[in-house]
Amino acid sequence: MIQAMAFFNALEDHITKNLAFVAYRKPDENIVKSFLQNDTQSYTTKDFAESGFVFSDFCGNKNLLIPEDQSEVINAEYEKENSLNEASEYIPEITNHAEQKKHETLVEKAITEIKSGTFKKVVLARKESAETQLAALSIFKNLLQNYPKAFCYIWSHPESGIWIGATPETLVKVERNRFKTMALAGTQAYKTEVEEAAWTPKEVEEQKIVSDEIVQKLKDFKVAIGAIKLTEPYTVKAGNLLHIRTDISGILENDNLSNLLESLHPTPAVCGFPREAAKQFILENELSNREFYSGFLGEINLKQEVKRNSNRRNQENQAYASISKQSQIFVNLRCMKLVEGKAEIFIGGGITADSNPTAEWEETVNKSYTIKSVLVHQE
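Just so it is clear, the structure is predicted and the values come from calculations on it, not from any experiment. (Residues numbered from 1 in each chain as written. Predicted model: local features only at pLDDT ≥ 70, side-chain atom pairs only at ≥ 80, totals over all residues. Heavy atoms only, no water.)

### Brief notes about the overall build of the protein
The helix and strand inventory of the protein stands at 7 helices and 19 strands. Scaling as 2.2 N^0.38, a compact globule of 379 residues should have a C-alpha radius of gyration of about 21 Å, and the protein matches this with 21 Å. For the protein, the spread of C-alpha atoms along the principal axes amounts to about 70 × 50 × 45 Å. Looking at the protein residue by residue over its 379 residues, the buried ones come to 54%. (Helix = DSSP H or I, 4+ residues; strand = E, 2+ residues; numbered from the N terminus. Rg over C-alpha atoms; globule rule 2.2 N^0.38 Å. Buried < 20%, exposed > 50% of the residue type's maximum accessible area, 1.4 Å probe, protein only.)

Shown next as structure tokens:
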């Protein structure tokens, strides 16, 4: 563990030298961790058997890797400062009516395809550019301050540029042969005066599509032994937004992380259902390239010592440790790419037969506030 100032100085040094690194903090934790790659080689992975941190695009064509054995791994404690403003205080900009019209036209086309039976749901994304005077690490610090329950990260790599985000969605967590994932869908603005969220039938149906599709894909790829367990849907808060979530868990049939990832990604929450038809519509009709937006990122195959207590009375058997291999991977949502003093912000929403084009536009606008709020100085 090092001091926070030394930690961020090390990140700044890697940015200056254009060396690959990632820094991140997991939800509800106060430790930031970084993999600082120590050479200029570009690493990728195909079978996800290596140990390190992976950063994958939406299409699954590029899986960038910062290997653990080629990196310096450092940690620092970083506490939230109560004096900072919350992200929900961001003042919205005037709506871009030209972009609104384009997005609504795209949504209308998707609804037509859904009603014709091409697919049941598709997730449509758009990109917008926002000015910022802040350096990359200042934006990352703002995310750490404002979103303690999200996975906050900054990724810098010569092949991808700098990406920063605060995602609320876990793709999968694996420890030994047990995995956990989630179905996350439905979006509404958080209102402090409302005690309990009221979800429309469209939003409830959208979330059910997501959870049903994830379970079916796990079965299709035969990655689980025995029954797959689901919780009842419940409401979760992510920044200034609310979502519906279902937790899904099971036991892996083997130690094949690649097979598990292939079964899960892209989920209906970022692509649609059925997956293949929805993905094809996205690639042919969206107005911008998603790149790494709605891909996935996270730790793969990191060894961790797990201490266990024994029931035996013998003192030397009172405690023992075993080495556990763990992976924790997140969907790359609520993110931006920094390009020459501007932030390219990626935002999307799920479309079903009952979608309203104007309401879908407004949902993307609400989501954009989450990430835009960290592009300004916070006092």
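### Details of the packing of aromatic side chains
Enumeration over the complete set of coordinates arrives at 18 aromatic pairs. Measuring from centroid to centroid gives 4.1 Å for Phe151 and Phe330, while their planes differ by 15 degrees, and the two rings are stacked. Here Phe151 is found in strand β8 (residues 151-157), whereas its partner Phe330 is found in strand β17 (residues 319-331), with 179 residues between them in sequence. Each of the two residues, Phe151 as well as Phe330, counts as buried. The cationic tip of Lys237 hangs over the ring face of Tyr190; the distance from NZ or CZ to the ring centre is 4.7 Å. Lying across the ring of Phe58, Arg290 places its NZ or CZ 4.4 Å from the centre. (Phe/Tyr/Trp six-rings, centres within 6.5 Å; stacked < 30°, edge-to-face > 60°. Lys NZ or Arg CZ within 6 Å of the ring centre and 35° of its normal.)

### Considering the sheet that holds strand β7 (residues 121-131)
Strands sit in the order β6-β2-β1-β8-β9-β18-β19-β7-β15 across an open sheet of 9 strands; the sheet is antiparallel. The open sheet has two edge strands, β6 (71-77) and β15 (272-273), and neither has a second partner. Where helix α7 (residues 357-372) meets the sheet, its contacts fall on β7, β18 (335-339) and β19 (342-351), and the angle it forms with β19 comes to roughly 140 degrees. (Pairing = 2+ DSSP bridges. Contact = heavy atoms within 4.5 Å. Axes fitted to C-alpha atoms, helices over the stretch in contact; angles between N-to-C directions.)

### Concerning the pairing of β8
Counting buried positions along β8 yields 7 of 7 residues, so the element is predominantly enclosed. Residues Phe151, Tyr153, Trp155 and His157 of β8 are buried on one face, and the alternating residues Cys152, Ile154 and Ser156, pointing to the opposite face, are buried as well. As judged from the 5 bridges shared by strand β1 (residues 21-25) and β8, these two strands associate in the antiparallel manner. Bridge pairing links Val22 to Trp155 in β8.

### Focus: the confidence of the model for the protein
Detailed reading of the predicted coordinates is not advisable wherever pLDDT falls low. Averaged over all residues, the pLDDT of the protein is 90; the fraction at 70 or higher stands at 91%. When the criterion is pLDDT under 50, residues 83-89 qualifies, and its contacts beyond four places in sequence or with other chains add up to 13 contacts. (pLDDT = per-residue confidence, 0-100.)

### Here we look at the side chain of Arg290
Relative to the assigned elements, Arg290 resides in the loop between α6 (275-285) and β16 (296-309). Taking relative accessible area as the criterion, Arg290 reaches 4% and is therefore assigned buried. A polar contact of 2.8 Å, which involves the side chain of Arg290, links it to the side chain of Glu286. Excluding anything up to four places from it in sequence, Arg290 contacts Phe58, Val123, Leu124, Ala125, Trp163, Val270, Ile282 and Phe346. (Polar contact = N/O pair within 3.5 Å; in protein donor to acceptor, adjacent residues only side chain to side chain.)

### Considering the nonpolar core
Within the largest apolar cluster, 50 residues are counted, with the highest numbers of intra-cluster contacts made by Tyr153, Leu218 and Leu260. Once residues lying within four places of it in the same chain are set aside, the contact partners of Leu260 are Val172, Val174, Phe179, Leu218, Val223 and Leu252. (Core = buried A, V, L, I, M, F, W, Y, C linked by side-chain atoms within 4.5 Å.)

### With respect to the pattern of salt bridges
Tallied over the entire structure, the rule returns 18 salt bridges. The closest approach of N and O atoms between Asp28 and Lys149, which form a salt bridge, is 3.1 Å. Residue Asp28 is located in the loop between β1 and β2 (31-37), and its partner Lys149 is located in the loop between α3 (136-146) and β8; the two are separated by 121 residues in the primary sequence. For the pair shown, Asp28 and Lys149 are each scored as exposed. (Salt bridge = Lys/Arg side-chain N within 4 Å of Asp/Glu carboxyl O.)

### Comments concerning the packing of helix α1 (residues 4-17) against α3
If you want to describe how two helices pack, look at the angle between their axes and the distance between the axes. Between α1 and α3, the least distance of the axes is 11 Å, while the angle of their chain directions is 140 degrees. The orientation of α1 with respect to α3, classified from their angle, is oblique. Along this stretch, α1 crosses α3, giving a crossing that reads as right-handed. Residue-level inspection shows Phe8, Leu11, Glu12 and Ile15 of α1 in contact with α3, the latter providing Leu137, Phe140, Lys141 and Leu144. Along the lines of polarity and charge, the residues of the contact of α1 with α3 split into 6 nonpolar, no polar and 2 charged. (Parallel < 35°, antiparallel > 145°, perpendicular 65-115°, else oblique. Left-handed = near helix turned anticlockwise from the far one by under 90°. Nonpolar A, V, L, I, M, F, W, Y, C, P; charged D, E, K, R; others polar.)

### Observations regarding α1
When the terminal C-alpha atoms of α1 are compared, their 20 Å separation across 14 residues agrees well with the 20 Å that a helix rising 1.5 Å per residue should span. The first or second residue beyond α1 is Asn18, which carries a positive phi of 55 degrees. (Expected span 1.5 Å × (residues − 1).)

### Quick notes on the environment of Ala20
Counting through the fold element by element, Ala20 comes out in the loop between α1 and β1. Overall, Ala20 belongs to the buried group, its relative accessible area being 3%. Along the backbone, Ala20 and Thr118 are 98 residues apart, and their C-alpha atoms lie at a distance of 41 Å. Setting aside anything within four residues of it in sequence, one finds Ala20 in contact with His14, Phe35, Leu36, Gln37, Ile66, Ser156, His157 and Pro158.

### Thoughts on the packing of helix α2 (residues 97-115) against α7
Orientation of α2 relative to α7, taken along the N-to-C sense of each, is 125 degrees, at an axis distance of 9 Å. What the angle tells us is that α2 and α7 run oblique. The interaxial crossing formed by α2 with α7 has right-handed handedness. Here Glu99, Gln100, His103, Glu104, Val107, Glu108 and Ile111 of α2 come into contact with α7, specifically with Pro357, Thr358, Glu360, Trp361 and Thr364. Residues belonging to the contact of α2 with α7 are distributed by class as follows: 4 nonpolar, 4 polar and 4 charged.

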